[in-house]
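Commentary on secondary and tertiary structure
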Amino acid sequence: MSNTIGHSLLHQTLLHPTVLEQQTKINSCNISGNSFFLPKSTANQAKSQIRKSPLSTKFRSNNVKTTKLPMGTQGPVSVVPRAVLASEPTSELAGRFNLDGNSDLQVRVSFPDAGSISQVDLQVTNSSNSLVLHWGAICDRHEKWILPSRYPDGTRVYKDRALRTPFVKTGSNSFLNIEIDDPAILAIEFLILDEAQNKWFKNNGDNFHVKLPVKHRLNLNVSVPEDLVQVQAYLRWERKGKQMYTPEQEKVEYEAARAELLEEITRGTSIEDLRAKLLNKNDKNQIQKPPISETISKIPDDLVQTQAYIRWEAAGKPNYSPDEQLREFEEARKELQIELEKGASLDEIRHKITKGEMKTKATPKKKNIVERIQRKKRDLMQLINKYVAGSETGQEKISVKPKSLTVVELYSETKKEEDVGSILSKKIVNLSGMELLVLVTKPDGKTRIILATDFREPLILHWALSKTGGDWLEPPSTILPDGSVSLDKAAETKFGQISFGDPPCQVQSLEIEIEGEDFVGMPFVLLSNGNWIKNKGSDFYVDFSTKPKQFRKDAGEGKGTAKDLLEKIAGLESEAQKSFMHRFNIAADLIEEAKDFGELGLAGILVWMRFMATRQLIWNKNYNVKPREISKAQDRLTDLLQNIYKSHPQYRELLRMILSTVGRGGEGDVGQRIRDEILVIQRNNDCKGGMMEEWHQKLHNNTSPDDVVICQALIDYIKSDFDISVYWKTLNENGITKERLLSYDRAIHSEPSFRRDQKDGLLRDLGNYMRTLKAVHSGADLESAISNCMGYKAEGQGFMVGVNINPVSGLPSGFPELLQYVLTHVEDKNVEGLLEGLLEAREDLQPLLSQSNDRLKDLLFLDIALDSTVRTVIERGYEELNDAGPEKIMYFIILVLENLALSWDNNEDLIYCLKGWNHALNMLKSKDDFWALYAKSVLDRTRLALATKAESYQRVLQPSAEYLGSLLGVDQWALNIFTEEIIRAGSAASLSSLLNRLDPVLRKTANLGSWQIISPVEAVGYVAVVDELLTVQNKSYERPTILIAKSVKGEEEIPDGTVAVLTPDMPDVLSHVSVRARNSKVCFATCFDPNILVDLQAKEGKRLHLKTTSADIVYREVKDGEVEVAGPIVVKEESSMPRLTLVRKQFAGRYAISSDEFTSELVGAKSRNISYLKGKVPSWVGIPTSVALPFGVFEKVLSEDCNQVSFSAVAEKLDTLKKKLKAGDSSTLGEIRKTVLELLPPSQLVEELRNKMISSGMPWPGDENEQRWEQAWTAIKKVWASKWNERAYFSTRKVKLDHDYLCMAVLVQEIINADYAFVIHTTNPSSGDSSEIYAEVVKGLGETLVGAYPGRALSFICKKTDLTSPKVLGYPSKPIGLFIRRSIIFRSDSNGEDLEGYAGAGLYDSVPMDEEEKVVLDYSSDPLIIDGSFQQSILSSIAKAGHAIEELYGSPQDIEGVVRDGKIYVVQTRPQM
């Protein structure tokens, strides 16, 4: 080796990470040969194709070039440096401190030489696993902390004043290493926080203070030879564990090595002594002499490296240490030297290498066994993507305008409207700009063929009939249309001109009608002016055997789909079913149009490809196609999908699903090898007849994904010692029956039958052949996906000859070893380590998937394969969890959730769920008493995330599946479960199963039981099961009914006749429907146990008796004739409901009033109560400033001249509404609300409202600009319009309130941009206990608490005798929080909200002037969740505020408020109902 140390081995080994963990110790030099040696290229390009060192021939340093070491007396450059300079900074113990009992802190500080970095090492013995260093740096002893720019991974900035870095727990101790590279920093100061216990550790009440040593100055006028710097850099790298360096770190290391040598020189060491010390010149026993003569140096390095690669391959591609790599280079050089000494020239050696004739004595090396990979610590926030395909409502606007129908298409629609019978097939063929319609129908047992074209020249049909699909038979004279001429084995019929439609259109057309079932098809060509017109060089063929399409009414009109695209796909299906080549090429032709349709267009392509993959569509029909043509078509389609993946990230999840249904396609003409290599198998193994010959014919005719299964069945059959039942078992388990084998155009009739002497050869060759098949057909096959990314060459005689798949460039260091680990352990029974490896590989891939790469689709197929393997592995690992505790189940949940987050678009909610699970696991490990309660909230949120995704798939995919399926005649059962099967195909189903395992464990540990009782009422009634409470809220049941409702959102009404509502859903205890249930004395409860729920649903129609306690429900069936007397059960009769009356309010002459003018004649109870609280509550409770638009203002505005048109419209619609409502039609309500929004503001209203707001200290929106006032005016109108919302209207009708007498004042308040919002009931609503306060808290604005937002709020109770000790009942699971800029809110305040015996609160809208921002919440960093003292302070303050207001009124109160910067604000209170 004539270059620098170890032929750039220094540079190469410096870059390799330590990824794999040995069974007993870290293997710090476990360098894969695949990482060190490059796969051979074609040998005549060996030098240019051999992978270069990741470092250049200079050791990354500014303007520093490599110098060759001298040869001869000083020895070759393969000298391994042995001497040790002071390359590592020495350190000493800076202090030892006792933290708590047997837990000690030990601090060591390095004393760096010039150019190196100061290090502080901290160790805490006998520690918990939740320690955090709260720290900063000191530049001057009297200054405040500064935040260094360099800090450990995982560090977060705390309030811009300090850094917080987690310790790393190993065994019973915790460790942390801090590196300081800023010379201005003199010391660091810190405290230690145990986050789980919220416990601080200080140094006798003060900060810990650690001084840093002062660095020496160097003599910058002295230079050091670069070869010595390089050797010293190698020594530093070796002593640091041969870790991986980034290019920036390499530069730092190189300069640090130079600084160390300069330090030696400044101490008086000469360059000569330095060289001797480094190279051990004075110790001749340690100097490595040249192992062979100097002529070795004449052998070019590229040949040495190529020969080293050949040796590495022959040895089984082992992982070599750096020392072993050095030895391998020397051995390779020796082998080449021997060839030279035999008389061969360098050109002859190069030629032998090119021809693959170069031999080696290398023998396979036993591979190291790696038991577990070491996962890198990652920032989960880096995984967040917010790509959303559709709009906020999920319905994406399709901008593609439907094309107007052509004349031929119009004719086709005209014929379909006639009574032409069942449609067998329809196809429109392009003829050089003209179109030909071929429509086949089945009227009354006949077959009718309708042909039509817009071709202008006279046209003749030259046609025949077929009984086998490929023959031409002369049609019987009885079926020939008038004017036809019989020929030998054919007939000719002229097209006729016809007119149709209005305005009239003209086409040439003819019809042929065939009796009976003797013929299966009709071949034909066209003749015009002596010219033959064919179908791309072949005959046209009309197939009669297709089953009639069943057009299903339930498919609707294609609503919610890219309808035009789906109909085009259906029209092309008869062409697509000829072969995979046709289908993939048609899909490629349509993909741009699908992209223009957006999410629904790509959903249509996915549905179509999924129908294909699940064998719902015909794969091959009457068409022979070469495998290479299929491969080429796949390649074309997947290239186009890859390009959309790059340019449209919002569709990536859909595109991944499409790719998973389509094979990768071939590279290097792999497709053709399907045909060629089956011949090799037959020739090599003497198996040319029987089943193998039939399979050979099928493969030549039309290969398909079935061939992968057939090949695997043959391998399993041979491995089982030729047990034919194993062959059929493999086929049947993968959907291939004997009937399917017989259905191929080239049917497989025979079973395999081999001799025992063929066994080894067949297993070898079929194994090689499987790679070829999977390269074309299997997008999600792990082994072939890895091979395509890592690269491979010809392997096995006659297989993949000449195929050279190069490795994908830019793969992370250590990635080959990681994939090898996965392949080695992919069949392991204990799957935890394998799952970690699969996820580590996916994490490493993520940055590459968002970058431009010409091999992106190979990376995508690898990621899809890894994802798919996670699902199969986790299902295999269920047995491992049978006796596992909650800690292991939670860890598996974390792994599967991470996998989903790597696959889904818009995954922010999943990432926060993942962080929540990590926090829950840490709570469990630290034995936190509330770990199960917190984990239950994360579990509930995770279930919500899965349900939301399922709803998204149902919305986007199911309509397309049903509509396209109806057009293609897909079996109804396949359509019914389409979306369900899509979900099952991913790991979401596995995650759901794991959650179901853990749920009962958490409920038992947290003492939650199977029920949460929201309204504890005993009830007897008949069971009815509904999907959504919303769909039956306006229904009236004739007999007492117990509703089992799968979905309850929180804003519904309780239907008349209902005595109980039981649901698995989780509405808040203080939601609208919960309050309604308690007021109406209806039993209302959430059931957490799915088994109980299933049992209740099974009792539909039966009469049950429900008996409730504060925490449970006991139920039993009441037999017919049994008189039920247990309990004071109240059956409500409509006639017994109290009739409530309203007093019509009049306009009092003022458009706006201040809070000191609020009276019962002017405003509702909401406004009066907030005015009453001012000056009476404790000073630490804030009350927002308020003004109001009093009763009668709305009616006055309606009567103003500027709104007379609108007024008459509203009056007319109101009159119409009353008439329609009597007939049961409520559709006019929406029209009234729209009309109200058209009102114009009288100038006097604007002036009065402005004056009142400004005089009260509130900002006037109009002062910003006119648009801001328009926003405010719109919000006011929306409050008025909410008088006519459906829920409020039907609620008032139920209690017989006169809706005309309902008046709406508007309370105007400045919005407090809340950190948290709360609702208090000063008597516990679930138990009725007046001695304790119950409250719920959400992050952000309170709309998520009182509105229909999914998930639970944080809930707690607090005894009034001990208001400083709140008890948390449940942690939050709401994924969304609402936040807003400084703004104004307009609150409804009607005269019908707080009537005695009727809770009208919440029926009408409160509308902010500005739209709230929806934020996905991260509870794992929320101090209300993780900071015990903060939580206690806030919850106690909320309870104290509630108690003070209750005492002020002297009765239980329902209070709403917010928290801002720790201060409590109350925004409204009302009597608790």
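Residues numbered from 1 in each chain as written. Predicted model: local features only at pLDDT ≥ 70, side-chain atom pairs only at ≥ 80, totals over all residues. Heavy atoms only, no water.

1. Considering the overall build of the protein
Per the secondary structure count, the protein includes 43 helices and 47 strands. A total of 1473 residues make up the protein; the buried ones form 54% of that total. Sequence-distant contacts, at least 24 apart, represent 70% of the contacts inside the protein between residues at least 6 apart. On the protein, roughly 64900 Å² of surface is accessible, and the fraction owed to carbon and sulfur atoms is 48%. (Helix = DSSP H or I, 4+ residues; strand = E, 2+ residues; numbered from the N terminus. Buried < 20%, exposed > 50% of the residue type's maximum accessible area, 1.4 Å probe, protein only. Contact = heavy atoms within 4.5 Å. Areas by Shrake-Rupley, 256 points an atom, 1.4 Å probe, with all protein chains shown as cover.)

2. Notes on the pattern of salt bridges
If charged atoms from side chains of opposite charge come close, those side chains can pair. All told, the structure shown has 67 salt bridges when counted by the stated rule. With a shortest N-O distance of 3.7 Å, Glu-1456 and Arg-1470 are connected by a salt bridge. Here Glu-1456, found in strand S46 (residues 1453–1460), pairs with Arg-1470, found in strand S47 (residues 1463–1471); they are 14 residues apart in sequence, far enough to count as distant. What makes Glu-1456 buried here is its relative accessible area of 17%. (Salt bridge = Lys/Arg side-chain N within 4 Å of Asp/Glu carboxyl O.)

3. What to know about the nonpolar core
With 161 residues, the main nonpolar core has Trp-608, Phe-611, Leu-862, Trp-917 and Ile-1438 as its most contacted residues. Beyond its immediate stretch of four places on either side in the chain, Phe-611 contacts Gln-616, Leu-617, Ala-961, Leu-964, Gly-965, Leu-968, Val-970, Leu-975 and Phe-978. With 42 residues, the next largest nonpolar core counts Val-1193, Ala-1281, Ala-1288 and Leu-1297 among its residues. (Core = buried A, V, L, I, M, F, W, Y, C linked by side-chain atoms within 4.5 Å.)

4. Some thoughts on the pairing of strand S18 (residues 447–453)
For S18, a buried count of 7 out of 7 residues is recorded, marking the element as mostly surrounded by other parts of the structure. The antiparallel pairing of strand S17 (residues 434–442) with S18 creates a hairpin that spans 4 residues between the two strands, and Asp-444 there sits at a positive phi of about 55 degrees. (Pairing = 2+ DSSP bridges.)

5. Topic: the sheet that holds strand S16 (residues 422–431)
On the basis of which strands lie adjacent, the open sheet formed by 5 strands has the order S16-S17-S18-S23-S22 and antiparallel pairing. For this open sheet the edge positions go to S16 and strand S22 (496–500), each flanked by a neighbour on one side alone. Direction aside, the axes of adjacent strands within the sheet are offset by 30 degrees on average. As paired strands, S22 and strand S23 (residues 505–514) are joined by 5 bridges and run antiparallel to one another. Each bridged residue has a counterpart across the sheet, and for Gly-496 the counterpart in S23 is Ser-509. Lying on the sheet, helix H10 (residues 407–417) is in contact with S16, S17, S18, S22 and S23; it crosses S23 at an angle near 45 degrees. (Axes fitted to C-alpha atoms, helices over the stretch in contact; angles between N-to-C directions.)

6. Quick look at the packing of helix H14 (residues 627–647) against helix H25 (residues 856–876)
Packed helices, taken two at a time, are described by the angle their axes make and the gap between the axes. At a minimum axis distance of 9 Å, the contact between H14 and H25 shows a crossing angle of 90 degrees. It follows that H14 is roughly perpendicular to H25 by the angle criterion. In this structure, H14 uses Asp-635, Thr-638, Asp-639, Gln-642, Tyr-645 and Lys-646 to contact H25, whose residues at the interface are Leu-856, Lys-857, Leu-860 and Phe-861. (Parallel < 35°, antiparallel > 145°, perpendicular 65-115°, else oblique.)

7. A word on the side chain of Glu-1052
Examined against the element boundaries, Glu-1052 turns out to sit in the loop between strand S29 (1036–1047) and strand S30 (1056–1063). Buried charged residue Glu-1052 carries no salt bridge. Nearest counter-charge: Lys-1049, at 7.1 Å. Separated by 2.7 Å, the side chain of Glu-1052 and the backbone nitrogen of Lys-1049 make a polar contact. A distance of 2.8 Å separates a polar atom in the side chain of Glu-1052 from the backbone nitrogen of Gly-1050. Not counting residues up to four positions away in its chain, the partners in contact with Glu-1052 are Leu-1029, Leu-1030, Gln-1033, Ser-1047, His-1072 and Val-1073. (Lys, Arg positive; Asp, Glu negative; His and termini not counted. Polar contact = N/O pair within 3.5 Å; in protein donor to acceptor, adjacent residues only side chain to side chain.)

8. Some thoughts on the sheet that holds strand S43 (residues 1384–1390)
Each strand in a sheet pairs with another by means of backbone hydrogen bonds, the pair being arranged parallel or else antiparallel. One open sheet accounts for 5 strands, arranged S34-S36-S37-S43-S44; its pairing is antiparallel. Unpaired on one side and paired on the other, strand S34 (1153–1154) and strand S44 (1407–1408) mark the two borders of the sheet. Relative to strand S37 (residues 1304–1310), strand S36 (residues 1186–1189) runs antiparallel, the two sharing 4 bridges. Bridge pairing in S37 links Ala-1188 to Leu-1307. With respect to the sheet, helix H34 (residues 1165–1173) is in contact with S36, S37 and S43, its orientation differing from that of S43 by roughly 115 degrees.

9. Comments concerning H34
Those residues of H34 not exposed but buried are Ala-1165, Lys-1166, Ser-1167, Asn-1169, Ile-1170 and Leu-1173. The elements touched by buried residues of H34 are S36, S37, S43, helix H43 (1428–1449) and S47. Phi for Gly-1175, located one or two positions after H34, is positive at around 80 degrees.

10. Focus on the confidence of the model for the protein
Looking at the protein, pLDDT values average 80 and 82% of them are 70 or higher. Throughout residues 794–803 the model reports pLDDT below 50, and contacts reaching past four residues in sequence, or to other chains, amount to 32 contacts. Segment residues 1125–1137 is flagged for pLDDT under 50; beyond a separation of four residues in sequence, or across chains, it makes 13 contacts in the model. (pLDDT = per-residue confidence, 0-100.)

11. Looking at the packing of aromatic side chains
Going through the model one piece at a time under the given rule, you end up with 21 aromatic pairs. The interplanar angle of 75 degrees and the centroid separation of 5.9 Å between the aromatic rings of Trp-695 and Tyr-769 together place this pair among those described as edge-to-face. With a gap of 74 residues between them, Trp-695 in helix H17 (residues 690–702) and Tyr-769 in helix H21 (residues 759–777) connect regions that are remote in the sequence. With relative accessibility at 0%, the residue Trp-695 sits in the buried group. (Phe/Tyr/Trp six-rings, centres within 6.5 Å; stacked < 30°, edge-to-face > 60°.)

12. Observations concerning helix H31 (residues 988–1005)
Each turn of an α-helix holds 3.6 residues, which means side chains three or four residues apart point in the same direction. Given a rise of 1.5 Å per residue, 18 residues ought to cover 26 Å, and the 26 Å separating the end C-alpha atoms of H31 matches this to within 8%. Listing the buried residues of H31 in full gives Ala-988, Ser-990, Leu-991, Leu-994, Leu-995, Leu-998, Asp-999, Leu-1002 and Arg-1003. At its buried positions, H31 is contacted by H25, helix H26 (886–901), helix H27 (908–925), helix H28 (931–968) and helix H30 (978–984). Immediately downstream of H31, the backbone of Asn-1007 shows phi near 55 degrees, a positive value. (Expected span 1.5 Å × (residues − 1).)

13. Here we look at the pairing of S17
Taken across its 9 residues, S17 has 7 buried, putting it largely inside the fold. By the bridge criterion, 9 bridges tie S16 to S17 in an arrangement that is antiparallel. In the strand pairing of S17, Asn-430 is matched with Glu-435. A loop of 2 residues connects S16 with S17, the two strands running antiparallel in sequence, and Ser-432 in this loop sits at a positive phi of about 50 degrees. One ladder, built from 6 bridges, connects S17 with S18; its direction is antiparallel. Paired with Thr-441 across the bridge in S18 is Arg-448.

14. What about the environment of Val-607?
Position of Val-607 relative to the elements: it lies in helix H13 (residues 599–613). As for Val-607 and Ser-960, which are separated by 353 residues in sequence, their C-alpha atoms are 6.9 Å apart. Leave out the neighbours within four places in its chain, and Val-607 touches Leu-957, Ser-960, Ala-961, Leu-964 and Phe-978.

15. Looking at the environment of Trp-931
Mapped onto the elements, Trp-931 comes out in helix H28. Judged by its relative accessible area of 10%, Trp-931 is buried. Note: C-alpha distance between Trp-931 and His-919 (12 residues apart in sequence) is 8.9 Å. Residues contacting Trp-931, with those up to four places away along its chain left out, are Pro-886, Met-890, Ala-920, Met-923, Leu-924, Leu-1002 and Thr-1005.

16. Looking at the packing of helix H24 (residues 832–849) against H25
In the contact formed by H24 and H25, the axes pass within 10 Å of each other and the chain directions differ by 155 degrees. Our classification of the angle between H24 and H25 gives roughly antiparallel. Every pair of crossing elements has a handedness; the one defined by H24 and H25 is left-handed. Along its contact with H24, which presents Leu-834, Leu-835, Leu-838, Ala-841, Arg-842, Leu-845, Gln-846, Leu-848 and Leu-849, the element H25 presents Leu-856, Leu-859, Leu-860, Leu-862, Asp-863, Leu-866, Asp-867, Thr-869, Val-870, Val-873, Ile-874 and Arg-876. Considered class by class, the residues forming the contact of H24 with H25 number 15 nonpolar, 2 polar and 4 charged. (Left-handed = near helix turned anticlockwise from the far one by under 90°. Nonpolar A, V, L, I, M, F, W, Y, C, P; charged D, E, K, R; others polar.)

17. Looking at unusual backbone geometry
Positive phi, close to 50 degrees, is recorded for Asn-126, a residue that is not glycine. On the secondary structure map, Asn-126 appears in the loop between strand S5 (118–124) and strand S6 (131–138).

18. Details of a nonpolar patch on the surface
Taken together, Leu-147, Tyr-151 and Val-157 make up a surface patch of nonpolar side chains, about 230 Å² in accessible area. The residue Leu-147 is located in the loop between S6 and strand S7 (156–158) in this model. (Patch = residues over 30% accessible without salt bridge, like charges linked within 9 Å, V, L, I, M, F, W, Y side chains within 5 Å.)

19. Structural notes on the environment of Glu-1247
Following the sequence through the fold, Glu-1247 ends up in helix H38 (residues 1243–1255). Given the relative accessible area of 43%, Glu-1247 is considered partly exposed. For the pair Glu-1247 and Tyr-1151, spaced 96 residues apart in sequence, the C-alpha separation works out to 9.1 Å.

20. A short note on the side chain of Asn-1391
Within the secondary structure layout, Asn-1391 lies in the loop between S43 and S44. Residue class for Asn-1391 comes out buried when judged on its relative accessible area of 13%. In terms of polar contacts, Asn-1391 uses its side chain to reach the backbone carbonyl oxygen of Val-1143, at 3.3 Å. A polar contact is formed between the side chain of Asn-1391 and the backbone nitrogen of Cys-1303, at a distance of 2.8 Å. Aside from chain neighbours lying at most four places away, what touches Asn-1391 is Leu-1142, Val-1143, Lys-1145, Phe-1191, Tyr-1301, Leu-1302 and Cys-1303.

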